Amino acid sequence: MERISFTIDGRICASDKGLNLIEAAKQNGIFIPTLCHFKHQNPIGSCRICTVKLNGKAIAGCTLNVQEGMNIEVNTPILLDTRKAILEMMFVEGNHFCPSCEKSGDCQMQNLGYETGIRSARFPHLFVERFIDAKAKRIVINKNRCIKCKRCFEEVTTNDGYKVFSFINKGNKTIVSVDYEQEEKLTESQAQYAMKICPTGAILVKGKSLSKPFGDRIFDQGIPGKTIPFLKTNKNNNSTQKKLVATTSLAGCFGCHMSMLDIDLGLLDLIELVEFNKSPFTDIKKFTKRCDIGIIEGGCSNTHNFEVLRAFRENCDILVSVGECAIWGGLPALRNTISLEECLNEAYKNSLSSEQDETIIPNHEEIPKIFNKVYANHEIVKIDYHIPGCPPNSNHIWNVVKNILFEEEYAIPYPEFKYD
Ligand code: SF4
Ligand code: SF4
């Protein structure tokens, strides 16, 4: 095979002529992330995560075969941000609820989110209505999470050579579908292979998807010693004066507040540095002083949440959304895929505990009005920082807060950066 040379980000590389760029880069110690490219399959460039530039033009890297003298850009700041943006689009396009996902910790897409350092998406979540198909014998397909990589089409066949998965519909209505008759012929290990090669949690096997516990899954531990740098503020702040902190829980479960308290004796060190003002920790109901930082748990679900959020923006120099509910709506936003009317009817009129003809949907001027959907806080007011997790680990929360307030050095240990 003829050897050729080419450059990646100005570095001279060598490989066999015509080798796929992803493989050629790997041979030269350069990692190009991708979610659709898979071993021997013909590259289709559908996920676009591997976007690179060839002679200045953007192209899906997996569709490129290296040739003599090629000049390829892979990790320039613009390309790193482009990849991150493409991944963010995937997160908002499907209903990716990592805290309640069976694939969490085992999911390539989620791991790529950690790798690229996504803390929040710059696009609004679409909350599309797509159903979960559990009719097949072994496999459950969660159509929300499919990124249309086609791995399952090519890789999963019955022993007599029939395909099991295909697409139905066209354009942005395209969804993955399973052939029930062929699926029934799959062996247990073939079904589990389908679940394994799916880069997301779109394909699950009944009774098997949770067989490995959270915490022990492939991406749970991350790479030992690897850290993710956290953004430092621009303030040149060497002050040792105590900082004022406010906290609140909007449409959340108070889990993030419980996590904040979980530093145990670390609280004694913390109160040397900060003083809490309006917060469930102090039971101070209204701001009595302007605060340096406001920590918000939970998303914005009703008129009361909205008023509290605006008060925090008015009274705090810096606002931080903590946890998935604050960042994109989280579990309360599960209701965003159905209408408010349907949701209220289910809660107050049709629930098992409702007495027929004797129930009403509460409606009083003193009861906050529920919004049609749960909003991410940054859709309502400017949020300066996001700390993902459900909930984030307590040390992680306070280390980030100290980093922001006192510019203490902090890089997030890889296993602490979580969406679940
Ligand atoms: S774990 Fe993966 S598939 Fe599941 S919701 Fe998160 S990103 Fe989506
Ligand atoms: S179900 Fe999974 S493997 Fe199949 S196309 Fe969708 S994301 Fe890819």
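Just so you know, these numbers come straight off a predicted model, no measurement behind them. For every chain, the first residue of its written sequence is number 1, and the numbers climb from 1 along that sequence. Following the order in which they are written, the chains are lettered starting with A and the ligands numbered starting with 1. Note on the predicted model: pLDDT of at least 70 is required for a residue's local features to be given, and 80 or more for side-chain atom pairs to be given and counted; whole-chain, interface and lining totals, by contrast, use all residues. Hydrogen atoms and water are omitted, and side-chain values are computed over all heavy atoms in the structure.

### A closer look at the overall build of the protein chain
- Put simply, DSSP H or I for four residues or longer makes a helix, DSSP E for two residues or longer makes a strand, and each gets a number counted from the N terminus. A tally of helices and strands in the protein chain yields twelve helices and 19 strands.
- We compute the radius of gyration from the C-alpha atoms alone; for a globule the expected value is 2.2 Å times N to the 0.38, where N is the number of residues. For a compact globule of 420 residues, the expected C-alpha radius of gyration is about 22 Å, and the protein chain comes in at 24 Å, within 12% of that figure.
- If you line up the protein chain on its principal axes, its C-alpha atoms span 75 × 65 × 35 Å.
- Partly exposed residues are those whose accessible area sits between 20% and 50% of the maximum for their type, while under 20% is buried and over 50% is exposed, using a 1.4 Å probe and protein chains only. When burial is assessed residue by residue, the protein chain has 49% of its 420 residues classed as buried.
- Across the protein chain, every contact between residues at least 6 apart in sequence was considered, and the portion connecting residues at least 24 apart equals 71%.
- Taking the average place of the 50 positive charges on the side chains of the protein chain and the average place of its 51 negative ones, the gap between the two points comes to 5 Å. Contacts are assigned to residue pairs with any non-hydrogen atoms lying within 4.5 Å of each other. Under this rule, positive means Lys or Arg and negative means Asp or Glu; His and the chain ends count for nothing. Throughout, a charge is located at the NZ atom of Lys, the CZ atom of Arg, the CG atom of Asp or the CD atom of Glu.

### Quick word on the domain arrangement of the protein chain
- Domain borders in the structure are assigned automatically or taken from a domain database. Entries for the protein chain in the domain assignment read domain 1 (15–75), domain 2 (95–205) and domain 3 (227–336 + 365–416).
- On a C-alpha basis, the centroid separation for the pair domain 1 and domain 3 is 41 Å.

### Quick notes on the pairing of strand β14 (residues 291–297)
- By the criterion of burial, β14 is predominantly enclosed, with seven of the seven residues buried.
- Of the pairings in the sheet, the one linking strand β12 (residues 243–249) to β14 comprises five bridges and is parallel in character. Paired with Ser 249 across the bridge in β14 is Glu 297.
- By definition, two strands form a pair when at least two bridges between them are found by DSSP. Both β14 and strand β16 (residues 316–322) contribute to a ladder of six bridges, which runs parallel. When the sheet's bridge partners are listed, Ile 296 is paired in β16 with Ser 321.

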